[in-house]
Amino acid sequence: MLQAATAAGAGLTLGTALTTEGASATPVQQGIAGKHKYDVLLQATKENSLWGWFPIDRPSVLTVRSGTVVKINAVNQSGASAVGGPIPYFEALGVPADQVLPELVEIATIPRTPGSSGHVLTGPLYVEGAEPGDVLEIKILDVAPRVPYGINSTGPGSGVLSGLLAERSTRLLTLDKHNRYYQFAPGIRVPFKPFAGITGVAPPADAGFVSANPPNRWGGNLDIKDLTAGSTLFLPVFRPGAQFYIGDTHGAQGHGEIDQTAVEHSMSFTAQFKVRKGASLTYPRAELPGHMLTTGIDADLDVALQIAATEAINYLREVTKGALSTADAYALCSVAVDFVIAEAVDGNKLVAAYIPKSLLPNF
């Protein structure tokens, strides 16, 4: 339902052959992630990862053609910046040392770039043919746990109620044996709904140093909880190859992530990456099984809402090829579209407009 992108991309030749760049790139390796085949595996190693910022000139860790399905064995940053490293951090919570991902232990030793966030990113993935002004389509096929546990951590200064707590609160949340839910407390189960909190591309050169903490036009820390398997994310491209980064994977989250963290959980992420030529976007969009999402991002929540509404109105006019006037689209948004605070705690606010596909059965 990305109207311009679909039309513009119809003539693309989508290939699955791929090449790797640099010593840190993983060799071509086909396999199956969940129910989905993939063409190449990318590991979150010390060489392939960095602390949370989006450089525009970092050598690619993997280069693929448009249409390639990539499985990325990502890590969540929980424990990486703890005193003594991840092993004593998790052991104090009851996780045996042999259940801590060894690559997380190695990544924790990477020197921290001043100004970077505490997130661990893997990338960049270079997609051949992507140029500024294009759109990178990321069709999410599978998100699966790499370990059976996740962390929620909050405390003084954290989240939307920064003065609520006087002490740090960290809880270990363990999946049931069928990966259906976390046992939060007696009688309370949190459904397992995994996604990647950070999915972004390299920003434009004039953006300067870009921390991974706030979301922005290039994606980043979007924290849209519905970007699970079966959804598709569309990101504007600002640099050759798009230069895709991933991190901050989650097992469950409420809209807004109000205490600063979700269930922080290391995941594998499998997606097909396609270049949509000439299908320019100003802000990220997404397609869910039942909805189209437009987004608005700004430090001011009111402005983020205004951007999301403008993007939703523009989308409705685009997809109906002008059959809906601006006034029509504005009214339709008011009576049938939900505007949700997806991200509230990481600097910029993100509002997502959930446009039901059922509104547009003839388009």
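Every value quoted in this text rests on a predicted model; they were computed, and no experiment measured them. (Residues numbered from 1 in each chain as written. Predicted model: local features only at pLDDT ≥ 70, side-chain atom pairs only at ≥ 80, totals over all residues. Heavy atoms only, no water.)

In most cases, non-glycine residues show a negative phi, while peptide bonds are predominantly trans. Going from Gly123 to Pro124, the amide bond is cis rather than trans, its omega being 10 degrees. Turning to its location among the elements, Pro124 is positioned in strand β7 (residues 117–127). One non-glycine residue, Asn179, adopts positive backbone phi at about 55 degrees. Considering the arrangement of structural elements, one finds Asn179 in the loop between β10 (169–174) and β11 (181–185). In this structure, Asp248 is a non-glycine residue whose phi angle is positive, near 55 degrees. For Asp248, the location among the structural elements is in strand β16 (residues 244–250). A residue is classified by how much of its surface remains accessible, and Asp248, at 2% relative accessible area, is buried. (Helix = DSSP H or I, 4+ residues; strand = E, 2+ residues; numbered from the N terminus. Buried < 20%, exposed > 50% of the residue type's maximum accessible area, 1.4 Å probe, protein only.)

Turning to the nonpolar core, a few remarks are in order. Core analysis: the largest hydrophobic core is formed by 58 residues, its most contacted members being Val70, Leu136, Ile138, Phe244, Phe269 and Phe273. Residues in contact with Phe269, not counting those within four places in the same chain, are Val70, Lys71, Ile72, Ile138, Ile140, Asp142, Val143, Ala196, Thr199, Phe244 and Ile246. Ranked by size, the runner-up nonpolar core spans 17 residues in total, among them Phe234, Leu316, Leu332 and Leu360. (Core = buried A, V, L, I, M, F, W, Y, C linked by side-chain atoms within 4.5 Å. Contact = heavy atoms within 4.5 Å.)

It is worth spelling out the pattern of salt bridges at this point. As a working rule, side chains carrying opposite charge can pair if their charged atoms are close by. Throughout the structure, instances matching the rule amount to nine salt bridges. Here Arg180 and Asp176 are joined by a salt bridge, their closest N and O atoms 3.2 Å apart. Glu311 is the salt-bridge partner of Arg285, the closest N and O atoms lying 4.0 Å from each other. One end of the pair, Arg285, is in strand β18 (residues 285–287); the other, Glu311, is in helix α4 (residues 301–319), with 26 residues separating them in the sequence. (Salt bridge = Lys/Arg side-chain N within 4 Å of Asp/Glu carboxyl O.)

Right, let's talk about the side chain of Asp226 for a bit. Within the element layout of this structure, Asp226 appears in the loop between β14 (219–221) and β15 (232–236). Here the side chain of Asp226 touches Lys193 through a polar contact of 2.6 Å, side chain to side chain. Setting aside residues no more than four positions away along its own chain, Asp226 makes contact with Lys193, Ser231, His255, Leu288 and Tyr354. (Polar contact = N/O pair within 3.5 Å; in protein donor to acceptor, adjacent residues only side chain to side chain.)

This next bit is on the environment of Gly94. Residue position: Gly94 is located in the loop between α2 (86–92) and α3 (102–107). On a C-alpha basis, the gap between Gly94 and Val147 in space is 14 Å, while along the polypeptide they are 53 residues apart.

In the sheet, β11 pairs with strand β12 (residues 188–191) via four bridges, with the strands oriented antiparallel. Paired with Tyr181 across the bridge in β12 is Pro191. The hairpin turn running from β11 into β12, its antiparallel successor, is two residues long, and Gly187 in that turn takes a positive phi close to 85 degrees. (Pairing = 2+ DSSP bridges.)

Mapped onto the elements, Asp176 comes out in the loop between β10 and β11. Of the residues examined, Asp176 reaches a relative accessible area of 11% and is grouped as buried. Of note is the side chain of Asp176, whose polar atom sits 2.9 Å from the backbone nitrogen of Tyr181.

For the rest of this paragraph, the subject is the confidence of the model for the chain. Detail in the predicted coordinates should be disregarded across regions flagged by low pLDDT. Here the chain shows a mean pLDDT of 91. Residues at 70 or above account for 91%. Contacts from residues 1–28, a stretch scored under 50 in pLDDT, to residues over four places away or in other chains number 68 contacts. (pLDDT = per-residue confidence, 0-100.)

With that settled, consider a nonpolar patch on the surface. A surface patch of nonpolar side chains, about 460 Å² in accessible area, is lined by Val160, Leu161, Leu164, Leu165 and Ile258. According to the relative accessible area criterion, Leu164 is exposed, its value standing at 59%. (Patch = residues over 30% accessible without salt bridge, like charges linked within 9 Å, V, L, I, M, F, W, Y side chains within 5 Å. Areas by Shrake-Rupley, 256 points an atom, 1.4 Å probe, with all protein chains shown as cover.)

Aromatic ring pairs are defined here through the distance separating the ring centres and the angle between the ring planes. Tallying each qualifying case throughout the model produces seven aromatic pairs. Aromatic pair Phe54 and Tyr245: ring centres 5.6 Å apart, planes at 70 degrees, arrangement edge-to-face. You can see Phe54 sitting in the loop between β4 (49–52) and β5 (62–64) and its partner Tyr245 sitting in strand β16, a full 191 residues away along the chain. Overall, Phe54 belongs to the buried group, its relative accessible area being 1%. Here the aromatic rings of Phe244 and Phe273 are separated by 5.0 Å at their centres, their planes lie at 65 degrees, and the arrangement is edge-to-face. A residue pair is termed long-range when its members are at least 10 positions apart, and Phe244 in strand β16 and Phe273 in strand β17 (residues 267–276) qualify at 29 residues. Classification of Phe273 as buried rests on a relative accessible area of 0%. (Phe/Tyr/Trp six-rings, centres within 6.5 Å; stacked < 30°, edge-to-face > 60°.)

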